[in-house]
Each structure stands twice: as C-alpha cells, then as structure tokens.
Amino acid sequence: MGNSLLVTDNITMQFGGLRAVSDLALQIAPRQIVGLIGPNGAGKTTAFNMITGVYKPTLGKISFDGKDITGLKPNQITELGIARTFQNIRLFSSMSVLENVLLSKHVRLKANPLEAILGLPRYSKARKRHYEECMELLDQVQLADLADEKATSLPYGKQRRLEIARALATQPQVILLDEPAAGMNPQESLELMEFIAKIREQFGLTVLMIEHHMEVVMGICEHIVVLDHGVTIAQGTPTEIQNNQQVIEAYLGAVDEIA
Ligand SMILES: Nc1ncnc2c1ncn2[C@@H]1O[C@H](COP(=O)(O)OP(=O)(O)OP(=O)(O)O)[C@@H](O)[C@H]1O
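Residues numbered from 1 in each chain as written. Predicted model: local features only at pLDDT ≥ 70, side-chain atom pairs only at ≥ 80, totals over all residues.

## What about the overall build of the protein?
Formally: Secondary structure elements are defined from DSSP: runs of H or I of at least 4 residues count as helices, runs of E of at least 2 residues count as strands, and each element is numbered from the N terminus. A residue is called partly exposed when the number of other C-beta atoms within 10 Å of its own lies between 12 and 20, exposed at 12 or fewer, and buried at 20 or more, with C-beta atoms placed from the backbone. Note on contacts: residues are paired as contacts if their backbone-placed C-beta atoms lie within 7 Å.
Counting its regular elements, the protein contains 10 helices and 10 strands. Here the protein holds 259 residues, and the buried ones make up 36% of them. If you take every contact in the protein between residues at least 6 apart in sequence, the share linking residues at least 24 apart comes to 67%.

Structure representation (structure tokens):
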C-alpha cells in the first residue's frame with residue numbers, strides 16, 4: 001500500500017436497499033494500468049462515481065497521493081489530478097475539436113475573474129499559453145490536423161480519442177476510462193490499446209479502466225479487479241483472472257470467450 005497512488009479502503013455504496021458496491025479495496029501503483037470488469041450492474045460505474053466525487057461512499061475511505069479525498073467535490077478531485085471519461089461520449093457537439101479541449105483546460109487557468117473581464121495582459125498571456133498547450137496536446141494525440149473540425153463530425157474512434165484528450169487537458173496523474181472501447185471494431189480496439197499504452201508513457205499516467213472488450217482488458221491491463229453484484233470476486237494478473245473458476249462462472253461464462 002505504501003507505493004500506491006490511488007487507494008480505495010473498503011468503499012461501499014448503498015442506494016436504499018441496494019448495496020451497489022461492497023468493500024471495494026483497490027491499491028493502484030503509479031503508472032499501473034488496472035482493469036475493472038464485471039457483468040452489467042456489477043457496480044463498476046458506481047465505483048468510478050465514488051472515486052471522482054459524484055457519490056460519497058456510504059462507508060470506507062479513498063486516498064490519492066497520500067491524501068484523504070473521500071467526499072470531495074468532483075471539481076476538487078479533478079484539480080488534484082484525477083480525470084475521467086464517460087461510457088457515453090460527452091463532447092460539446094457545436095464546438096470544434098480544439099474548443100472542446102480548451103474548455104477542459106480551463107480547470108488549470110489561473111487568473112482572477114476581474115483580470116478575465118478586463119482582459120488584462122496576464123489573462124491574455126495565460127489564454128495564449130493555454131491555446132498553445134492544447135494544440136500541443138492535440139498534436140500528441142494525433143488530432144492536431146482536425147483542430148478546427150466540429151467535434152461530432154469526427155469518426156467514432158477519434159471522438160473517443162478526443163474525449164481522452166479532454167481528460168488529459170486537466171493534467172491528471174490518474175485517468176479513469178469508462179468503457180473506452182465501447183462500440184469499436186477490432187481494428188479500432190487495437191489502435192485504442194496502443195494509444196492508451198502510449199499516453200501512459202508520454203504523460204506518466206496511472207490508468208483505471210472499465211471495459212467489456214476482453215481482448216482489450218487482457219491485452220493491456222497489468223492487474224484486473226472483477227466485481228459481481230458489487231462484490232470483488234477476484235483480483236490478479238490477466239492470466240490469474242482468465243484461470244479463475246469463479247470469474248469464469250460468474251462473468252465470463254466460457255473459457256473460450258476470453259481466449
Ligand atoms: N444513483 C443510483 N441510485 C440507485 N441505484 C443505482 C444508482 N446508480 C447505480 N445504481 C444501481 O447500482 C447497481 C450498479 O450499477 P453500475 O452502473 O455501477 O453498474 P456497472 O457495473 O457500471 O454496469 P454497466 O456495465 O451496465 O455499466 C445497479 O443495480 C444500478 O441499477
């Protein structure tokens with residue numbers, strides 16, 4: 001636990017009579033890629049919602065970089081360095097690719113409102129720097145040539161990449177990806193895996209991802225956590241998970257589905 005960047009210390013989320021997540025204990029090391037899997041309704045998104053401050057856990061504690069972040073607001077958690085993407089792409093449809101990234105980057109714009117209203121030089125300078133940083137980010141994720149295109153006119157795979165770029169614009173240490181390969185064909189999934197591996201290196205990121213595509217999870221995650229009805233039924237390496245009888249029975253159904 002000493003070397004962990006993100007720790008959930010037995011977090012539980014109770015919705016009325018439903019215990020959506022029970023005693024989830026994650027210990028994620030810096031730069032690790034961890035997969036959170038399980039059947040529909042297992043509690044994966046609820047876990048993300050607790051980590052990102054959408055819900056306060058009913059029980060348990062969340063620490064990030066040694067600090068207790070339990071119960072902080074989503075914007076405070078983003079500012080501390082945890083970003084996320086969503087299951088359904090949430091881009092601003094009327095805005096360009098660049099504008100979508102600029103909007104996320106705003107979290108890091110250090111200027112007081114008066115400077116902004118008056119358009120004082122310090123604010124203009126900060127805005128210019130932000131513009132340059134966003135263009136550089138788009139270049140790093142190979143979307144720079146599409147900067148002025150309408151975000152929603154991009155092919156699906158690139159919209160997903162833009163979503164990740166928006167999360168990266170907040171300069172996170174940890175990124176939570178909610179089903180990044182949803183709706184992708186095998187070729188797009190492969191490219192996504194390469195992309196995630198690349199940004200982990202480039203940005204020194206720690207990644208926690210929910211994913212149903214087993215080839216993506218098994219191909220990229222170093223550690224996998226399996227939830228079923230809110231309960232953690234297994235944790236381990238891809239090989240350990242693939243060979244875990246309880247996982248096979250509860251979730252995967254048949255061994256050849258994950259081969
Ligand atoms: N705000 C809420 N109020 C009440 N119940 C909720 C709420 N959010 C989630 N749930 C319930 O908690 C359980 C876990 O849901 P959750 O969305 O976390 O599962 P999941 O593993 O992400 O599923 P999926 O793979 O389908 O996205 C479900 O039974 C869901 O209906």
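We are not done yet, so read on.
## Focus: the domain arrangement of the protein
Just so we agree on the cut-off: Here the bounds of each domain stem from an automatic or database domain assignment.
The domain architecture assigned to the protein consists of domain 1 (1–81 + 178–199 + 206–259) and domain 2 (91–171). By residue number, the principal contributor to the side of domain 1 that touches domain 2 is helix 7 (residues 186–203), which donates 5 residues.

## Details of the site of the ligand
Test applied: Only the C-beta atom matters for this test: placed from the backbone, it must lie within 6 Å of a molecule or strand for the residue to be near it.
Around the ligand lies a shell formed by F15, L18, A20, G38, N40, G41, A42, G43, K44, T45 and T46. Of all the secondary structure elements, the ones that give two or more residues to the shell around the ligand are strand 2 (18–28) and helix 1 (44–51). If you tally residues by element for the shell around the ligand, the top one is helix 1, at 3 residues.

## Remarks on the pairing of strand 9 (residues 223–228)
Short version of the rule: At least two bridges found by DSSP between two strands is the condition for calling them paired.
Taken across its 6 residues, strand 9 has 5 buried, putting it largely inside the fold. Pairing of strand 3 (residues 33–37) with strand 9 involves 4 bridges; the strand directions are parallel. Note on strand 9: the bridge partner recorded for G35 is I224. Two strands pair when backbone bridges link them, and strand 9 and strand 10 (residues 231–236) are joined in this way by 5 bridges, in the antiparallel orientation. Bridging from a neighbouring strand, L227 pairs with T232 of strand 10.

## Concerning the sheet that holds strand 1 (residues 6–15)
Pairing within the open sheet is antiparallel, and its 4 strands lie in the order 2-1-4-5. Since the sheet does not close on itself, it has two edges, and those belong to strand 2 and strand 5 (67–68), each with one partner.

## Concerning the nonpolar core
To keep things clear, this is the line we draw: By convention the nonpolar core is taken to be a set of buried residues drawn from Ala, Val, Leu, Ile, Met, Phe, Trp, Tyr and Cys and joined through C-beta atoms within 7 Å.
Counting 61 residues, the largest nonpolar core has L36, V101 and V207 as the members making the most contacts within it. When we break this core down by domain, the ones giving at least three residues each are domain 1 (1–81 + 178–199 + 206–259) and domain 2 (91–171).

## Points about unusual backbone geometry
Positive phi outside glycine occurs at D65, with the angle close to 55 degrees. Its identity is not glycine, yet Q142 carries a phi of approximately 55 degrees, on the positive side. Examined against the element boundaries, Q142 turns out to sit in the loop between helix 5 (121–140) and helix 6 (156–168).

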